Protein chains: 2
Amino acid sequence: MRAAIFNGPRSITVGERPDPVIQSPTDAIVRVVLACVCGSDLWYYRGDSRHEVGSIGHEFIGVVEAVGGEVTAVKAGDLVVAPFIFSDMSCPNCLNGSTITCPVGGSFGNGLIDGGQGEAVRVPLAGSTLVPVPGEGHPDEVLKSLLALSDVMSTGYHAAVSARVREGSVVAVVGDGAVGLSAVLAAGRLGAERIIALSRHPERQRLARDFGATDILEERGEAAKEKVLELTGGFGVDSSMECVGTAEAIATAFAITKAGSTVGGVGLPHGGVPYEEVFFRNIGWGCGPAPARIYIPALMRDVLDGRINPGRVFDFETDLEGTPGAYAAMDERRAIKSMIRVSSI
Amino acid sequence: MRAAIFNGPRSITVGERPDPVIQSPTDAIVRVVLACVCGSDLWYYRGDSRHEVGSIGHEFIGVVEAVGGEVTAVKAGDLVVAPFIFSDMSCPNCLNGSTITCPVGGSFGNGLIDGGQGEAVRVPLAGSTLVPVPGEGHPDEVLKSLLALSDVMSTGYHAAVSARVREGSVVAVVGDGAVGLSAVLAAGRLGAERIIALSRHPERQRLARDFGATDILEERGEAAKEKVLELTGGFGVDSSMECVGTAEAIATAFAITKAGSTVGGVGLPHGGVPYEEVFFRNIGWGCGPAPARIYIPALMRDVLDGRINPGRVFDFETDLEGTPGAYAAMDERRAIKSMIRVSSI
């Protein structure tokens with residue numbers, strides 16, 4: 001089959017990889033329909049994080065082609081959303097909301113396991129991992145929003161849940177990438193009354209507003225802190241969502257949060273937490289890779305009912321052969337998030 | 001009046017300080033009955049944290065001698081417990097559980113504001129700060145437990161609340177100082193089913209058991225981690241309470257906590273959080289100085305009803321003139337926590 005291959009920093013090619021086959025009775029083979037490039041893929045692309053040579057991409061929706069003998073939750077022909085982590089959903093870690101640490105789980109597209117940026121994927125633990133999509137003939141806009149549930153929207157939602165966003169909350173989102181924009185949408189869904197988005201890019205500001213942001217701040221660092229304090233009577237926001245992962249973004253998220261409140265952090269950490277400041281202001285911290293599999297069913301209902309449209313973060317499209325260009329568009333910030341059309345339903 | 005005076009590292013003397021007088025209509029003057037030495041006072045004593053020359057001590061109970069014109073919640077003659085922070089309990093920070101950041105609040109015994117280790121204290125914001133004790137003629141054991149609510153027991157309770165200890169939880173407490181022991185007691189009060197205490201001192205182990213610890217581990221660092229994982233089926237505890245503040249203790253607390261769970265941290269931070277490990281295991285973090293004023297009323301009912309006896313952490317006693325010896329006993333680890341009898345009720 002054809003698939004994107006990570007050769008090293010700044011080198012993504014599309015080449016041949018072995019056709020996936022059922023290896024275990026809990027496997028399924030999924031033909032990929034839509035895939036996309038994650039902000040975390042960019043860390044690898046830029047050489048900031050290590051990645052094995054080989055398969056890449058962990059976000060996809062597709063159609064089940066075959067299932068192993070023990071898989072009953074999905075069947076051939078089902079349209080499915082794959083969370084970016086496969087997991088058993090029955091171990092103490094999964095039951096505790098940490099699918100990333102499932103002892104028998106793993107991530108797609110890590111070099112060895114098939115990636116979403118390819119024609120097909122062998123999905124281990126398919127019965128507990130894949131979420132079938134009810135109905136048929138979904139329009140393209142809905143398919144794009146279903147693809148967003150695979151990672152980016154679930155991750156934004158995890159930021160908001162981790163930050164304990166509640167009905168009536170005044171919140172802030174640090175980061176206007178696709179995850180940050182998804183966090184804006186998620187905060188609104190959780191009832192936030194005022195959503196302050198830190199963004200200095202006109203198109204992202206526009207999408208943030210469409211997703212529910214009530215205030216847009218172009219300031220960064222100390223100036224952003226002053227502005228948020230000014231907007232919140234000097235006390236800071238009830239919850240903040242850190243969707244970048246750099247030291248500056250983490251520091252800003254803590255600085256703009258009200259004493260006694262919580263920061264939800266989903267930015268892949270490339271900076272530390274200013275612990276003394278956190279401690280002496282009683283700021284809580286919830287963080288980590290999203291347990292997407294837990295969030296997808298409820299978010300899928302919202303997508304199918306038209307209440308949320310997270311697929312709007314995709315503003316660049318290509319086909320599988322164009323995958324290198326999908327990375328370049330995000331790397332050069334020409335795109336918020338790149339989608340790859342791999343096949344038709 | 002006579003009061004302990006911090007002159008610099010390893011120099012505590014008892015000398016003369018001005019008698020406190022009402023300076024504001026929201027003040028009260030409290031004659032100190034019992035006071036004690038905090039683990040955080042030891043950081044100053046040892047020169048590990050800075051402290052102004054002057055008053056010291058922030059834990060005390062006493063009898064109100066006079067109140068300003070606007071104080072109605074307490075009156076002369078009342079026996080009161082003072083939380084270690086005075087605060088207005090009505091600002092957004094106090095209402096959000098962070099009394100330490102009350103804009104008009106502060107800490108006792110910071111060099112300038114009267115300390116608990118003295119004959120009397122001017123208490124600012126007395127109406128919202130002091131908690132009157134109902135009843136009369138309380139035995140000495142009860143008075144000691146009421147003193148413990150001023151800081152150490154409230155801090156242990158904050159560790160347990162911040163770590164989200166629940167009915168049936170399996171928990172661990174890192175640190176067998178007075179705060180760690182109080183956290184054991186607090187975890188039991190919150191319904192923990194199994195309480196693992198890390199301790200290698202026989203008397204502290206004994207008190208931990210009396211306070212409800214079900215398992216005592218003498219291991220530290222990597223060995224402690226292995227042992228806790230062995231006791232918890234390889235997954236770690238549902239909640240852990242970090243009651244030391246050193247880098248090693250913080251690292252241990254995170255390492256023994258189940259992925260997806262929460263560490264409650266009340267140890268004064270002298271080390272950072274291992275953020276990457278925290279992130280990739282979805283571990284939450286609640287921390288900071290306890291909002292003792294919020295916890296005292298409920299804990300006081302437990303003390304008066306005989307359900308908890310946190311005053312048992314005091315295993316060294318002296319009078320006000322003996323305050324330097326109270327510090328030395330804790331510094332040399334001859335005492336878990338030193339109490340100072342300043343006056344009779």
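Residues numbered from 1 in each chain as written. Chains lettered and ligands numbered in written order. Predicted model: local features only at pLDDT ≥ 70, side-chain atom pairs only at ≥ 80, totals over all residues.

Enquirer: What is the right way to look at the domain arrangement of chain A in this model?
Expert: For interface size, the figure often reported is the accessible area lost on association. All names here are of chain A. Looking at the assigned domains, one finds that chain A contains domain 1 (2-151 + 291-341) and domain 2 (155-287). Using only C-alpha atoms to locate each centre, domain 1 and domain 2 end up separated by 27 Å. Each partner contributes to the interface: domain 1 provides 14 residues, whereas domain 2 provides 14 residues. Those elements that place two or more of their residues in the side of domain 1 that touches domain 2 are α1 (39-45) and α11 (292-304). When grouped by side-chain class, the residues that make up the side of domain 1 that touches domain 2 number seven nonpolar, two polar and five charged. (Domains from an automatic or database assignment. Contact = placed C-beta atoms within 7 Å. Helix = DSSP H or I, 4+ residues; strand = E, 2+ residues; numbered from the N terminus. Nonpolar A, V, L, I, M, F, W, Y, C, P; charged D, E, K, R; others polar.)

Enquirer: Mind showing me how you'd approach the packing of helix α8 (residues 221-231) of chain A against helix α9 (residues 247-255) of chain A here?
Expert: For any two helices packed against each other, the geometry is given by the interaxial angle and the distance between the axes. Residue and element names in this part refer to chain A. Between α8 and α9, the shortest axis-to-axis distance is 9 Å and the interhelical angle comes to 20 degrees. Considered as vectors, α8 and α9 are oriented roughly parallel to each other. Handedness of the α8/α9 crossing: right-handed. Note on element contacts: α9 touches α8 through Glu248, Thr252 and Ala255, opposite Gly221, Ala224 and Lys225. Taken together, the residues that form the contact of α8 with α9 break down as two nonpolar, two polar and two charged. (Axes fitted to C-alpha atoms, helices over the stretch in contact; angles between N-to-C directions. Parallel < 35°, antiparallel > 145°, perpendicular 65-115°, else oblique. Left-handed = near helix turned anticlockwise from the far one by under 90°.)

Enquirer: So what exactly am I meant to see when it comes to the confidence of the model for chain A here?
Expert: A low pLDDT means the predicted coordinates there should not be read in detail. For chain A, per-residue confidence averages 97 on the pLDDT scale, and residues scoring 70 or more make up 100% of the total. Here the predicted complex scores 0.95 on pTM and 0.94 on ipTM. (pLDDT = per-residue confidence, 0-100.)

Enquirer: Whenever I open this one, the packing of helix α4 (residues 140-149) of chain A against α11(A) confuses me. Can you help?
Expert: All names here are of chain A. Remark: α4 packs on α11, axes separated minimally by 10 Å, with the N-to-C direction vectors making an angle of 160 degrees. As judged from the angle between their axes, α4 and α11 are roughly antiparallel. Seen along the crossing, α4 lies across α11 with a hand that is right-handed. Residues Val142, Ser145, Leu146 and Leu149 of α4 form the contact with α11, whose own contacting residues are Ile296, Leu299, Met300, Val303 and Leu304.

Enquirer: Looking at this model, I keep getting lost on the pairing of strand β3 (residues 28-36) of chain A. Mind explaining?
Expert: For a regular strand, side-chain orientation follows a simple rule: the groups alternate between the two sheet faces. Residues and elements named next belong to chain A. With seven of its nine residues buried, β3 lies for the most part within the structure. Relative to strand β5 (residues 60-67), β3 is paired through seven bridges, and the arrangement is antiparallel. Counterpart to isoleucine 29 in the pairing with β5 is alanine 66. Pairing between β3 and strand β9 (residues 120-123): four bridges, direction antiparallel. (Buried ≥ 20, exposed ≤ 12 C-beta atoms within 10 Å, placed from the backbone. Pairing = 2+ DSSP bridges.)

Enquirer: In this structure, what is going on with unusual backbone geometry? I would like to understand it.
Expert: Among all residues except glycine, the phi angle is most often negative; among peptide bonds, the trans geometry is most common. Residue and element names in this part refer to chain B. At arginine 164, a residue that is not glycine, the phi angle is positive and equals roughly 60 degrees. With respect to the secondary-structure elements, arginine 164 resides in the loop between α5 (152-162) and β12 (170-174). Here arginine 164 falls in the partly exposed class, since 17 other C-beta atoms lie within 10 Å of it.

Enquirer: Looking at this structure, how should I read the interface of chain A and chain B?
Expert: Facing the 28 residues of chain A at the interface are 28 residues of chain B. Elements supplying a minimum of two residues to the side of chain A that touches chain B: α2 (92-95), β15 (257-265), α10 (275-280) and β16 (284-287) of chain A. By residue number, the principal contributor to the side of chain A that touches chain B is α10(A), which donates five residues. Of the residues belonging to the side of chain A that touches chain B, the class tally is 13 nonpolar, twelve polar and three charged.

Enquirer: Looking at this structure, I do not really get the pairing of β16(A). What am I missing?
Expert: All names here are of chain A. Here β16 shows no split at all, with Gly284 and Gly286 on one side and Trp285 and Cys287 on the other all buried. Where β15 and β16 come together, four bridges link them in parallel fashion. Each residue of the ladder has a partner; that of glycine 265, found in β16, is cysteine 287. Handedness of the crossover joining β15 and β16 through α10: right-handed. (Right-handed = clockwise from strand over helix to strand, strands pointing away.)

Enquirer: In this structure, what is going on with the sheet that holds strand β1 (residues 2-8) of chain A? I would like to understand it.
Expert: Picture the strands of a sheet paired through backbone hydrogen bonds; they go either parallel or antiparallel. Residues and elements named next belong to chain A. Strand order across the open sheet formed by three strands is β2-β1-β4, with antiparallel pairing between neighbours. Two strands in the sheet have a free side with no partner beyond their single neighbour: β2 (11-16) and β4 (54-55). When β1 meets β4, the two strands line up antiparallel, connected through two bridges. Across the sheet, isoleucine 5 pairs through a bridge with serine 55, a residue of β4. On top of the sheet, helix α12 (residues 323-331) reaches β1 and β2; it is set at about 160 degrees to β2, its chief contact.

Enquirer: How should the relation of the copies chain A and chain B be read in this particular structure?
Expert: One copy of the chain maps onto the other through a rotation about an axis followed by a shift along the same axis. Overlaying chain A on chain B yields an RMSD of 0.0 Å, the required transformation being a rotation through 180 degrees with an accompanying axial translation of 0.0 Å. Taken together, the rotation and translation relating the two chain copies correspond to the operation of a two-fold axis. Ranked by how close their C-alpha atoms come to the rotation axis, the residues of chain A are headed by A:Trp285, at 2.4 Å. An overlap of 100% is found between the interface residues of chain A and their copies at the interface of chain B, pointing to a shared contact surface. (Least-squares fit on C-alpha atoms with pLDDT ≥ 70 in both.)

Enquirer: Explain the sheet that holds strand β1 (residues 2-8) of chain B to me, please; I cannot follow it from the model alone.
Expert: Residues and elements named next belong to chain B. Strand order in the open sheet made by the four strands is β2-β1-β4-β9, with antiparallel pairing throughout. The two strands at the open ends of the sheet, each matched to only one other strand, are β2 (11-16) and β9 (110-111). Those strands touched by helix α12 (residues 323-331) are β1 and β2, and its axis lies near 160 degrees from that of β2.

Enquirer: I would appreciate a short explanation of the environment of A:Val237 in the present structure.
Expert: All names here are of chain A. Locating valine 237 in the fold gives a position in strand β14 (residues 237-242). Between the C-alpha atom of valine 237 and that of alanine 172, which follows or precedes it by 65 residues, the distance is 6.5 Å. Residues within four places of valine 237 in sequence aside, it is in contact with Val170, Val171, Ala172, Ile196, Val228, Thr232, Ile256, Thr257 and Lys258.

Enquirer: Looking at this model, I keep getting lost on helix α7 (residues 202-210) of chain B. Mind explaining?
Expert: All names here are of chain B. Of the residues making up α7, those classed as buried are Arg204, Leu207 and Ala208. For α7, the angular spread of buried residues about the axis comes to 105 degrees, placing them on one side. Turned more than 90 degrees off the buried face of α7, the exposed positions are Pro202 and Glu203. For α7, the secondary structure elements touched by its buried residues are α6 (178-189), β13 (194-198) and β14 (215-217). Two residues or fewer after α7 comes glycine 212, characterised by a positive phi angle close to 120 degrees. (Arc of directions from axis to C-beta.)

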